[in-house]
Amino acid sequence: MPAGGPLRAILIMGAAWLSAWVAIDRWQSQPDPQFLASGIPLLAWYVLAILGLAAVLRWCARPAPPFGPALALALGAVPVPLLFAGVIAVYVDPFWFLGAGLLVLVYLLLYFARGLHGMTGYTQRAAACAGLVFVVGFGWLTDALDAIPDVWTPLETQAAEHGDAVADGEAILFGQAGRIDEALAAAGRDTTASPKAYFLGFAGVGDEKVFAQEIGLASRVLGERYDIAARKLSLINDTRDLGRAPLATVSGLKYALRGLGSRMNLDQDVLFLSISSHGTDDPAIVVSNSELPLQDLTDDDLADALRESGIKWRVIIISACYAGGFIESLRDPQTIVITASAADRTSFGCSNDRDLTYFGEAFYRDALPTARSLREAFDTAKTAIAARERREHVDASNPQAYFGAKIQAKLAAMSAAER
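Residues numbered from 1 in each chain as written. Predicted model: local features only at pLDDT ≥ 70, side-chain atom pairs only at ≥ 80, totals over all residues. Heavy atoms only, no water.

Some thoughts on the packing of aromatic side chains
Inspection of every chain in the model, using the stated rule, returns 10 aromatic pairs. With centroids separated by 5.3 Å and ring planes inclined at 85°, the aromatic side chains of Tyr 46 and Phe 138 adopt a geometry described as edge-to-face. Pair noted here: Tyr 46 is in helix H2 (residues 43-60) and Phe 138 is in helix H6 (residues 125-145), with a separation of 92 residues, a long-range link. On the accessibility criterion, Tyr 46 (27% relative accessible area) is partly exposed. Of the residues examined, Phe 138 reaches a relative accessible area of 18% and is grouped as buried. (Phe/Tyr/Trp six-rings, centres within 6.5 Å; stacked < 30°, edge-to-face > 60°. Helix = DSSP H or I, 4+ residues; strand = E, 2+ residues; numbered from the N terminus. Buried < 20%, exposed > 50% of the residue type's maximum accessible area, 1.4 Å probe, protein only.)

Structure representation (structure tokens):
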């Protein structure tokens, strides 16, 4: 190779692969990518990996090639793993993902062997295998350390922007108690002796349909699993139709809980409360609908509303950013709390171009229908979400849960009685 050739190749490939990484990262962060300067220092992790790979290839080859060509060879291996991790892994199902990963490993083994043979004139199987082991080990360590140099991240709106003015917001809010009463009357009363399940849904932000759709799915899946039948009520903020259901407001939630409590056998019946919205790290659930003057739902608001309702047996599922911050105020042996994220983490999929959030897909759609228990459904969903977030190079949402011992035993007994 002519003098200066490896240096030119190294500089050109380094610039090209860095540009490709930034472009793929931005593409994955659609529809609202936001530049994240804090991700830049982690690029050094990958620079170290390229240098380490070049050193391993050179050290294991006999005879050893110069370091410059070995470094160029290491850089030349980047495009296929980059395409696999940045594009293919995001869109293929687990079966094809495994097959594609094996093809990438075979490609790298052949690439290292052919490249080293071209440099030295000798077969270099051992060095090629050592390079492959280094790549696999680096991938495992990167995943374990979550050392992903993201320079773009989806912009999660904490509160929806106001839409068109509502002509008579005061009249709309004034009529909500009557609408909740009508919905409760339709649910009826069940006076049979066996424990029953009830459902209350709360879709907090009206400008993004994903929350209303997630509560609809939760109502259906939980209804089928726990034989809820007509014993259900949903409070929905949806600017597409302000009249489809009672609105989701803090006062409406308190009123609905008191109404359900008056219809339940408080000593034995179980409430399933499903909340889907944006969240803030106060913690609070964002509540907004057009230009109506609504207040957010805090953890203290929710704890107070449940206590005032008298409902003792509760399963509370919160799909929102920072939702783990609600767990401490709701802890109780007769309560299960499942959240889409930790108290200091955001969750994903909260945008108007989606049907469900990441948590809604993993928990309500995929895990819960076939799981033997809520704990199993949560564990399955948490694993699936973590794998998806690793593939998409976003900070882990780290879903959290608290399982009260008494409510777990009660749900198990109810499931056994149904069988």
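The discussion continues.
Describing H2
Its 18 residues give H2 an end-to-end C-alpha distance of 26 Å, which sits within 8% of 26 Å, the value for a rise of 1.5 Å per residue. Every buried residue of H2 is accounted for by Ala 49, Ile 50, Gly 52, Leu 53, Ala 54, Val 56 and Leu 57. (Expected span 1.5 Å × (residues − 1).)

Thoughts on the pattern of salt bridges
Pairs may arise between side chains of opposite charge once their charged atoms sit close together. Evaluated as defined, the whole model comprises 13 salt bridges. In this structure, Asp 238 engages Arg 240 in a salt bridge whose closest nitrogen and oxygen atoms are separated by 2.7 Å. On the basis of relative accessible area, Arg 240 is assigned to the exposed category, the value being 51%. In this structure, Arg 244 engages Asp 238 in a salt bridge whose closest nitrogen and oxygen atoms are separated by 2.9 Å. Overlapping salt bridges, with partners in common, bring together Arg 354, Glu 361, Arg 365, Asp 366, Arg 388 and Glu 392 in one network. (Salt bridge = Lys/Arg side-chain N within 4 Å of Asp/Glu carboxyl O.)

Let's talk about the pairing of strand S10 (residues 335-339)
Among the 5 residues in S10, 5 count as buried, and that is most of the element. Burial of S10 is two-sided: the residues Thr 335, Val 337 and Thr 339 facing one way and the residues Ile 336 and Ile 338 facing the other way are all buried. Note that strand S9 (residues 313-319) and S10 share 5 bridges and pair parallel. Along S10, the bridge assignment pairs Ile 318 with Thr 339. In the sheet, S10 pairs with strand S11 (residues 400-403) via 4 bridges, with the strands oriented antiparallel. (Pairing = 2+ DSSP bridges.)

Concerning the confidence of the model for the chain
In regions of low pLDDT, the predicted coordinates are not meant to be interpreted in detail. Summing up the model confidence of the chain, the mean pLDDT is 86 and the portion of residues at 70 or higher is 89%. Every residue in residues 156-167 scores below 50 in pLDDT, and together they form 30 contacts with partners more than four places removed in sequence or on other chains. (pLDDT = per-residue confidence, 0-100. Contact = heavy atoms within 4.5 Å.)

Overview of the environment of Leu 53
Note on placement: Leu 53 falls in helix H2. Sequence separation of Leu 53 and Gly 131 is 78 residues, and the distance between their C-alpha atoms is 6.3 Å. For Leu 53, the residues in contact, after removing those within four places along its chain, are Ala 74, Phe 112, Gly 131, Phe 134 and Val 135.

With respect to the sheet that holds S11
With respect to topology, 6 strands assemble into an open sheet ordered S4-S3-S5-S9-S10-S11, the strand pairing being mixed. The sheet is open, and its two borders are formed by strand S4 (232-236) and S11, each paired with just one other strand. For this sheet, the mean inter-axis angle between neighbouring strands, taken without regard to orientation, is 10°. Strands in contact with helix H14 (residues 374-391) are strand S5 (270-276), S9, S10 and S11; relative to S11, the strand with the most contacts, it is inclined by about 165°. (Axes fitted to C-alpha atoms, helices over the stretch in contact; angles between N-to-C directions.)

Structural notes on the side chain of Arg 314
Structurally, Arg 314 is set in strand S9. Despite its burial, Arg 314 pairs with no opposite charge, the nearest such side chain being Asp 332 at 4.9 Å. Separated by 3.4 Å, the side chain of Arg 314 and the backbone oxygen of Ile 311 make a polar contact. A polar side-chain atom of Arg 314 sits 2.9 Å from a polar atom in the side chain of Thr 335. Once residues within four sequence positions are removed from consideration, Arg 314 is found in contact with Leu 271, Leu 306, Leu 330, Asp 332, Gln 334, Thr 335, Ile 336 and Ile 407. (Lys, Arg positive; Asp, Glu negative; His and termini not counted. Polar contact = N/O pair within 3.5 Å; in protein donor to acceptor, adjacent residues only side chain to side chain.)

Quick look at the pairing of S5
Of all 7 residues in S5, 7 are buried, a share of seventy percent or more. Of the strand pairs in this sheet, strand S3 (residues 197-203) and S5 are connected by 7 bridges, and their pairing is parallel. Each bridged residue has a counterpart across the sheet, and for Ala 197 the counterpart in S5 is Val 270.

Things to note about the environment of Asn 289
Tracing the backbone shows Asn 289 in the loop between strand S7 (284-285) and strand S8 (297-298). Here Asn 289 falls in the buried class, since its relative accessible area comes to 1%. Note: C-alpha distance between Asn 289 and Glu 208 (81 residues apart in sequence) is 9.7 Å. Excluding anything up to four places from it in sequence, Asn 289 contacts Gly 206, Asn 237, Asp 238, Thr 239, Leu 242, Leu 247 and Leu 294.

Some remarks on unusual backbone geometry
Of note, the amide linkage connecting Arg 62 to Pro 63 takes the cis form, showing an omega dihedral of 0°. Tracing the sequence through the fold places Pro 63 in the loop between H2 and helix H3 (67-76). Here the residue pair Asp 282 and Pro 283 is connected by a cis peptide bond, since its omega of 10° sits within 30 degrees of zero. Mapped onto the elements of the fold, Pro 283 is located in the loop between strand S6 (279-280) and S7. Residues other than glycine seldom take positive phi values, yet His 393 does so here, at roughly 55°. Relative to the helices and strands, His 393 is located in the loop between H14 and S11. The buried category is assigned to His 393, whose relative accessible area is 8%. Look at Asn 398: it is not a glycine, yet its phi comes out positive at around 55°.

Some details on H3
Note: α-helices contain 3.6 residues per turn, so residues at a spacing of three or four share the same orientation. Here H3 lies mainly inside the structure; 8 of its 10 residues are buried. Within H3, burial applies to Pro 69, Ala 70, Leu 71, Ala 72, Leu 73, Ala 74, Leu 75 and Gly 76.

Description of the nonpolar core
Ranked by internal contacts, the top residues of the largest apolar core, which has 43 residues, are Leu 222, Phe 272, Val 315, Phe 363, Tyr 364, Leu 374 and Leu 411. Secondary-structure elements contributing two or more residues to this core are S3, helix H9 (209-225), S5, S9, S10, helix H13 (358-367), H14 and helix H15 (405-418). No other element matches H9, which puts 8 residues into this core. The residues contacting Phe 272, other than those within four sequence positions of it, are Ala 197, Tyr 198, Phe 199, Leu 200, Leu 222, Tyr 226, Val 315, Leu 374 and Leu 411. Among the nonpolar cores identified, the runner-up in size contains 34 residues, and Leu 184, Leu 257, Ile 316 and Ala 320 belong to it. (Core = buried A, V, L, I, M, F, W, Y, C linked by side-chain atoms within 4.5 Å.)

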